Amino acid sequence: MLLVLCLPDDIVLTIFKHLSPDECSEIITNIEDIHIAQPFVDKLYQRLLSGKLLITNDQPNHRYIADYQLTLEKFQNKFLDTSVEALMFRLTRPNYMEFNFTRQHCDYMNFIYNLKQFHELLKDPNCQEYFRKVLQVNMYLDANLVLIENPDNLTAIVIKLVLELSDHPELACKVKHLTIKAGDIGNMCVPQWSLLLPKFTSLVSLNMLQNLLKSNYGQYLDVWGRQEKFPNGLKLLNLNYNMLTYVSKQFLSCLPHTLEELLMNQNDIELVENCDLGLLLPNLRRWELNYTKLSVINPQMIISCKTGFTLELMSTYLPQPDINELQRIAHEKSLHIIV
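Just so we're clear, the structure is a prediction, and the values are computed from it rather than from any experiment. (Residues numbered from 1 in each chain as written. Predicted model: local features only at pLDDT ≥ 70, side-chain atom pairs only at ≥ 80, totals over all residues. Heavy atoms only, no water.)

J.: Could you give an account of helix 8 (residues 152–166), naming the residues involved and the relevant values?
T.: Note: α-helices contain 3.6 residues per turn, so residues at a spacing of three or four share the same orientation. End to end, helix 8 covers 21 Å across 15 residues, agreeing with the expected 21 Å (1.5 Å per residue, within 8%). Within the sequence span of helix 8, burial applies to Leu154, Thr155, Ile157, Val158, Ile159, Leu161, Val162, Glu164, Leu165 and Ser166. The inward-facing, buried residues of helix 8 abut strand 3 (96–102), helix 6 (109–123), strand 4 (137–142), strand 5 (175–181) and helix 9 (190–193). (Helix = DSSP H or I, 4+ residues; strand = E, 2+ residues; numbered from the N terminus. Expected span 1.5 Å × (residues − 1). Buried < 20%, exposed > 50% of the residue type's maximum accessible area, 1.4 Å probe, protein only. Contact = heavy atoms within 4.5 Å.)

In structure tokens:
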């Protein structure tokens, strides 16, 4: 087995990439106390640590696959530990790092504690050099605020998380996929926190499903159409399972031209304001408005959409003549209507 180490480093690491994380860990456990095998152990650690690094809360609601997984506390301890593994951790750059926080129904205070730990971690001077090395960051947070009587405390902490992450000098520009799920953030300071989203300049997909987002917020009418809220380069926007009641032309015009998928299923949307959809969103490939209250949409608005564009309208209140006209236009323009 040690003859493998005679090969160039990049070839050794390529060979090790065919091993699963569990297989790597098992081999390390079996040989890490053998002095002659230390170079082999180092390469195995390199294989694990250069893949997907997953940072989770203490009691996650789901299990996820990663090359190397740590809780927040264990992640911080890596910068204080003097073991070979910790040293390799600090020296090796991961392919990408994902923060994944999912709350169990029975876990409320501990989840809040973990989110506060994350706030501290973002400011921890011991972690900043490691953050500088990371090329890509993903954030997935499911607060699971279902049937909680007073979620305001947790909602405020979730918004603070978005604020501090968007202001982080090393991480904000590296976040590619951001999910904030079931955090009820649509009930608090929407005009303010929504202005933070453009700071994630590398963002490709944004999921804000199940957050009680509304079209109007207090005295702010069409709060999502008042100005550009999303970064240029965004390709997927998921607004499923919210409380949006209409789609304005201004909202669509404020979306980035790079957008390819717009998901608005399970909202209270009743109307879509007339516009030239293909002109406003030239790269849009799919728009989903399934299971909404939609009853008003001008079929002519899809005429200039790019070939292959798909509009999903399952279980809406659209009149049959409008559906027929949408299908006629789709047939002529090589588009797709799903009802």
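From this point on, the discussion continues.
J.: So what about the sheet that holds strand 1 (residues 52–56)? Which residues, and what values?
T.: Read across the sheet, 11 strands follow the order 2-1-3-4-5-6-7-9-11-12-13 without closing on themselves; strand pairing throughout is parallel. Edge positions in the sheet fall to strand 2 (68–71) and strand 13 (336–338), since each of these pairs with one other strand and no more. The sheet shows a mean angle of 10 degrees between the axes of neighbouring strands, direction not considered. Inspection of the sheet shows strand 5 paired to strand 6 (residues 205–207) by three bridges, in the parallel sense. Following the sheet pairing, His177 is matched in strand 6 by Ser205. Against the sheet, helix 6 contacts strand 3 and strand 4, and its axis sits at roughly 150 degrees relative to strand 3. (Pairing = 2+ DSSP bridges. Axes fitted to C-alpha atoms, helices over the stretch in contact; angles between N-to-C directions.)

J.: For the packing of helix 3 (residues 38–49) against helix 5 (residues 84–91), give the residues involved together with the corresponding values.
T.: It is at 10 Å that the axes of helix 3 and helix 5 come closest, and there the two elements cross at 50 degrees. By the angle class used here, helix 3 and helix 5 are oblique. Our pair here, helix 3 against helix 5, has a crossing hand that is right-handed. Counted together, Gln38, Asp42, Tyr45, Gln46 and Leu49 of helix 3 and Val84, Glu85, Met88 and Phe89 of helix 5 form the full contact between these two elements. (Parallel < 35°, antiparallel > 145°, perpendicular 65-115°, else oblique. Left-handed = near helix turned anticlockwise from the far one by under 90°.)

J.: Explain the environment of Gln76 residue by residue, including any values.
T.: Relative to the elements of secondary structure, Gln76 occurs in helix 4 (residues 72–77). For the pair Gln76 and Leu165, spaced 89 residues apart in sequence, the C-alpha to C-alpha distance is 17 Å. Residues in contact with Gln76, not counting those within four places in the same chain, are Leu121 and Asp124.

J.: Could you give an account of the packing of aromatic side chains, naming the residues involved and the relevant values?
T.: Tallied over the entire structure, the rule returns 13 aromatic pairs. A network of ring pairs unites the aromatic residues Tyr68, Phe75, Phe79, Phe89, Tyr130 and Phe131 as a single cluster. (Phe/Tyr/Trp six-rings, centres within 6.5 Å; stacked < 30°, edge-to-face > 60°.)

J.: Report on unusual backbone geometry, specifying residues and quantitative values.
T.: For Tyr291, which is not glycine, the phi dihedral falls at a positive 55 degrees. Of note, Tyr291 is situated in the loop between strand 11 (286–288) and strand 12 (310–312). Residue Tyr291 is classed as partly exposed on the basis of its relative accessible area, which comes to 44%. Not every positive phi belongs to a glycine, and Ser334 is a case in point at roughly 60 degrees. Mapping Ser334 onto the fold places it in the loop between helix 12 (320–333) and strand 13.

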